[in-house]
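Tertiary structure, described
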Amino acid sequence: MASLSESEGTNRGSMWELDQNLDQPMDEEASRLKNMYREKKFSSLLLLRLAFQSLGVVFGDLGTSPLYVFYNAFPHGVDDEEDVIGALSLIIYTLTLIPLLKYVFVVLRANDNGQGGTFALYSLLCRHAKISTIPNQHKTDEDLTTYSRQTYEENSVGAKIKRWLEAHAYKRNCLLIVVLIGTCTAIGDGILTPAISVLSASGGIKVQNPNMSTDVVVIVSVIILIGLFSMQHYGTDKVGWLFAPIVLLWFILIGSVGALNIHKYKGSVLKAYNPVYIYRYFQRRNSDSWASLGGIMLSITGTEALFADLCHFPVFAIQIAFTLIVFPCLLLAYTGQAAYIIAHKDHVADAFYRSIPGTAVVIVMLVTTFLMVPIMLLVWKSHWILVVTFIVLSLMVEIPYFSACLLKIDQGGWVPLVIATAFFIIMYVWHFCTVKRYEFEMHSKVSMAWILGLGPSLGLVRVPGIGFVYTELASGVPHIFSHFITNLPAIHSVVVFVCVKYLPVYTVPMDERFLVRRIGPKNFHIFRCVARYGYKDLHKKDEDFEKMLFNCLLSFLRLESMMEGYSDSDDFSVPEQRTEGSISNAFLAEKTNNNTMCSNGDLSYSSQDSIVPVQSPLRGNSLLRYSSQASHTVSDELEFLNRCKDAGVVHILGNTIVLARRDSGIIKKIAVNYMYAFMRKICRENSVIFNVPHESLLNVGQIYYI
């Protein structure tokens, strides 16, 4: 029994080593690509033009917030001018600390190669630490031009944080949940904020017409919203040019009116720039002052757009627009309004239209604050004192606003939270089932050496054509392929394992998208192709994915012949595992002769094309060598590949159906069997995404119970 166990262990080690050599990672292929990201440089004139355009896209919500901030801060009117000055002081320093200091000068720098938002922060963290819940990253991905990461010293704070995050799966899951909360609350806020801003702006027509019905205001707002959304399909450039002059004029007007009100009514309102009045405000109003923070917080509605819309404009352009135009005009507008309200205390309700409190906004800000901590430590390698300073200043402002907004949830703040919760459930269920599917693929995959040894046992034959086998795995053989050849013991003359992988980068350049590698000896005609996409890469309908795969295969064969120095030798050798005993049942292969093409041009396949195992005892430092009976030149192989393409191309896709086990709870059954199944049904299938012809599609179904 002991000798038998030792023999099995030896054979298992031999197969493992052979499989590793047959299915090697694509380090060499990836190293040929460019590995340096160069940030785009903009001329001064272009930066000014982009800063002007950003006004029409990024700053709309911030610009319209003066319409409703003071009314929401004092819904029952103003009793004392000290209250107005205290609220103004809060607005001034909120605008200074959150949009200006936190976002414009700090958070905007944490962009993912020009991409902003919560997901961009998460993608940065996934590249700098192994925190992705789907572990499909490889060293070859780091050679992408859009893949930027840092290395750390062993005892640095960044290295310790990295090890802490990677230590347990629950930490990765908690971080993912935080990211999903931030993303979903941003969606909830984004759904309501345009309606609130337009409705508040339209409410201004009731100032001169007090008897006008509210229904008229609502109808006007709906018409404006329809017009605004109908223009979005023209693209950011045209929308920016259209609305930038309007928004610029708006900021100039509200700033000018504010300056006029300061001069006309009471210049003493400028003492609000002294932060002491914030303390007095809370001291005077007690609980009322805390509740009023929900209204004052609306002054920074739209701040997250500074970061989320970063993909449309460079960082410096947004910094210029906010610092030179938006920020000073907002300060003048709020200061002038405060001066007007002090002189006309009974005009608060008439001047501003009541709006829903936009609660999700401060949640997004809190999520951004917490995500910035690992970004500053891992990506920027900032000193811990700077990190602590940033977190303290941010939370000092955001936590009071968050607690104040909780008091207004029953007054309409529940609406964006309900929307965010619905999106969170959808995203989490989708992610949970996707991870389980990937784990199933990983655990059920078979080794390449096993595939190469199936010939005689199953009567495996090679049939004309090319077979593209789609898988989420970048190594090994997917279970669907072994399931397919077990039931139909035949494979195509050329087999390509296609792995479509999504990386934590915003885009993968076209010239770096595909990696191709040969698996086994040349006469096997088995390849692996990894197609890499970023989270913002779109699959266009006019893209011929099949053609791109075939062209990459041809390019690889030409490049391979150049790298080999146009050698005639088709020898294939694998280093032997050094053991004291002999190694049996090593999986080798025998190449075909030159009978792969008949004189009439048709394809024929001899019995020698099968994949066979060879029993061979090996000793010492000898190599497993494969001798070719006949060598193929690169032109012969290219011609053979073209003939296989003419014979037919088949796309083999796995159709894994995920179901909950019978003993699962009712919540899990609803989530997996109904919610996930419905989402899979309404989403585009891979065959549609990659524009696979229906007549060339072969689905291999399997059920996986979780």
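Sequence positions are assigned chain by chain, starting from 1 and proceeding in written order. Thresholds applied to this predicted model are a pLDDT of at least 70 for local features of residues and 80 or more for the giving and counting of side-chain atom pairs; totals over whole chains, interfaces and linings are not thresholded and use all residues. Side-chain metrics rest on all non-hydrogen atoms present in the structure, leaving aside hydrogens and water.

If you check an unreviewed UniProt entry, the protein chain appears there as Potassium transporter from Oryza nivara. UniProt positions are given in the numbering used here, feature names are shortened, and annotations may be inferred rather than shown by experiment. Per UniProt, the protein chain has the following entry under Subcellular location (unreviewed entry): "Membrane".

Some remarks on the overall build of the protein chain
Secondary structure elements follow DSSP: runs of H or I no shorter than four residues count as helices, runs of E no shorter than two count as strands, and numbering proceeds from the N terminus. Helix and strand content of the protein chain: 27 helices and eight strands. Exposed residues in this analysis have more than 50% of their type's maximum accessible area, buried residues have under 20%, and partly exposed residues fall in between, with area computed by a 1.4 Å probe over protein chains only. Counting across all 706 residues of the protein chain, residues that qualify as buried make up 49%. Each accessible area is a Shrake-Rupley estimate made with a 1.4 Å probe; only the visible protein chains count as cover when residues are assessed. Accessible surface, the protein chain: about 33700 Å² in total, of which carbon and sulfur atoms supply 60%.

Some details on the side chain of Lys501
By the secondary structure assignment, Lys501 is in strand β2 (residues 490–502). Contacts are residue-level and defined by heavy atoms, with any inter-residue pair within 4.5 Å sufficient. Among all residues touching Lys501, those that are not within four sequence positions of it are Asn136, His138, Asp141, Ala474, Val530, Ala531, Arg532 and Tyr533.

Thoughts on the packing of aromatic side chains
Side-chain rings of Phe, Tyr and Trp (the six-membered ring for Trp) are treated as a pair once their centres are within 6.5 Å; stacked means planes under 30 degrees apart, edge-to-face means over 60, and tilted covers the remaining angles. Across all of its chains, the model carries 15 aromatic pairs by this definition. Taking 5.2 Å as the distance between ring centres and 80 degrees as the angle between the ring planes, the aromatic pair formed by Phe119 and Tyr535 counts as edge-to-face. Accessibility expressed as a relative area gives 26% for Tyr535, which makes it partly exposed. Here the aromatic cluster, defined as three or more aromatic residues joined through ring pairs, consists of Phe59, Phe322 and Phe327.

A closer look at the side chain of Asp112
Position of Asp112 among the secondary structure elements: in the loop between α6 (81–104) and α7 (118–128). N or O atoms closer than or at 3.5 Å make up a polar contact, with two conditions inside protein: a donor-capable atom paired with an acceptor-capable one, and, for residues adjacent in sequence, both atoms drawn from side chains. A polar side-chain atom of Asp112 sits 2.8 Å from a polar atom in the side chain of Arg127.

Quick notes on the pairing of β2
The buried fraction of β2 is high, at twelve of 13 residues. Here β2 pairs with strand β4 (residues 526–533) via eight bridges, running parallel. Of the residues in β4, the one forming a bridge with Val500 is Ala531. Strand pairing requires that DSSP identify at least two bridges connecting the strands.

Some thoughts on the sheet that holds strand β1 (residues 461–471)
Strand order in the open sheet made by the six strands is β3-β4-β2-β1-β7-β8, with mixed pairing throughout. The sheet is open, and its two edges are formed by β3 (514–519) and β8 (697–705), each paired on a single side. This sheet shows a mean twist of 25 degrees between the axes of neighbouring strands, independent of strand direction. As paired elements, β3 and β4 share six bridges and run antiparallel to each other. Each residue of the ladder has a partner; that of Arg517, found in β4, is Arg528. Structural elements are reduced to axes, namely lines fitted to C-alpha atoms, with helices fitted over the stretch in contact, and the angle between N-to-C directions of any two is expressed from 0 to 180 degrees. Strands in contact with helix α20 (residues 414–444) are β7 (649–659) and β8; relative to β8, the strand with the most contacts, it is inclined by about 100 degrees. The sheet contacts of helix α23 (residues 479–487) involve β1, β2, β7 and β8, and relative to β8 the element is tilted by about 110 degrees.

Let's talk about the packing of α20 against helix α26 (residues 666–682)
At a minimum axis separation of 10 Å, α20 and α26 run at an interaxial angle of 95 degrees. One way to sum up the angle between α20 and α26 is to call them roughly perpendicular. Two secondary-structure elements touch here, α20 through Ile425, Ile426, Val429, Trp430, Phe432, Cys433, Thr434 and Arg437 and α26 through Ala671, Val672, Met675, Tyr676, Met679 and Arg680. Amino acid classes used here: Ala, Val, Leu, Ile, Met, Phe, Trp, Tyr, Cys and Pro are nonpolar; Asp, Glu, Lys and Arg are charged; the rest, including Gly, are polar. Considering only residue class, the contact of α20 with α26 consists of eleven nonpolar, one polar and two charged. Should an angle lie under 35 degrees it is considered roughly parallel, over 145 roughly antiparallel, and from 65 to 115 roughly perpendicular; all remaining angles are considered oblique.

Comments concerning the environment of Ala272
By the element assignment, Ala272 lies in the loop between α12 (236–264) and α13 (276–285). Here the alpha-carbon distance between Ala272 and Glu82, two residues 190 residues apart in the chain, equals 9.3 Å. Each residue touching Ala272, except ones within four places of it in the same chain, is listed here: Ile85, Leu88, Ser89, Ile92 and Tyr93.

Topic: a nonpolar patch on the surface
Patch construction takes residues with relative accessible area above 30% that form no salt bridge. Like charges are linked within 9 Å, and nonpolar side chains (Val, Leu, Ile, Met, Phe, Trp, Tyr) are linked within 5 Å. For salt bridges, the criterion is a side-chain nitrogen of Lys or Arg within 4 Å of an Asp or Glu carboxyl oxygen. A surface patch of nonpolar side chains, about 380 Å² in accessible area, is lined by Trp384, Ile385, Val388 and Val392. Assignment of secondary structure puts Trp384 in helix α19 (residues 384–406).

Things to note about the nonpolar core
In this text, buried Ala, Val, Leu, Ile, Met, Phe, Trp, Tyr and Cys residues form a nonpolar core when linked through side-chain atoms within 4.5 Å. Core analysis: the biggest nonpolar cluster contains 97 residues, and Phe59, Phe70, Phe322 and Met372 have the highest contact counts within it. The element contributing the most residues to this core is helix α16 (residues 315–343), with 16 residues. For Phe59, the residues in contact, after removing those within four places along its chain, are Ser54, Phe251, Leu306, Ile318, Ala321, Phe322 and Val326. Val496, Phe545, Leu549 and Leu638 belong to the second largest nonpolar core, which has 30 residues in total.

A look at the pattern of salt bridges
Taken as a whole, this structure holds nine salt bridges when the rule is applied. Across the salt bridge formed by Glu637 and Arg518, the nearest N and O atoms sit 3.0 Å from each other. Of this pair, Glu637 sits in helix α25 (residues 634–647) while Arg518 sits in strand β3; the two residues are 119 residues apart in sequence, bridging distant segments of the chain. Residue Arg518 is classed as buried on the basis of its relative accessible area of 10%. A salt bridge links Glu639 to Arg643; its shortest N-O distance comes to 3.3 Å. Taken as a pair, Glu639 and Arg643 lie in helix α25 at a separation of four residues, close to a single helical turn.

Here we look at α26
Expected helix span is computed as 1.5 Å times (number of residues minus one). Helix length check: α26 (17 residues) gives 23 Å between terminal C-alpha atoms against 24 Å at 1.5 Å per residue, within 8%. All buried positions along α26 are accounted for by Ala671, Val672, Tyr676 and Met679. Close packing links the buried residues of α26 with α20 and β7.

Here's the deal with the packing of α12 against α16
In a pair of packed helices, the angle between the axes and the distance between the axes together describe the arrangement. α16 packs onto α12 with a crossing angle of 40 degrees between their chain directions and a minimal axis gap of 7 Å. When the interaxial angle is binned, α12 and α16 end up oblique. With respect to the hand of their crossing, α12 and α16 are arranged in left-handed fashion. Here Leu248, Phe251, Ile252, Ile254, Gly255, Gly258, Ala259, Asn261 and Ile262 of α12 come into contact with α16, specifically with Ile325, Val326, Cys329, Leu330, Leu332, Ala333, Thr335, Gly336, Ala339 and Tyr340. Here the residues of the contact of α12 with α16 are counted per class, giving 14 nonpolar, five polar and no charged. Crossing handedness follows the turn of the near helix against the far one: under a right angle anticlockwise gives a left-handed crossing, and clockwise gives a right-handed one.

Some remarks on unusual backbone geometry
Despite not being glycine, Asn113 shows a phi value in the positive range, around 55 degrees. Tracing the chain through its elements places Asn113 in the loop between α6 and α7.

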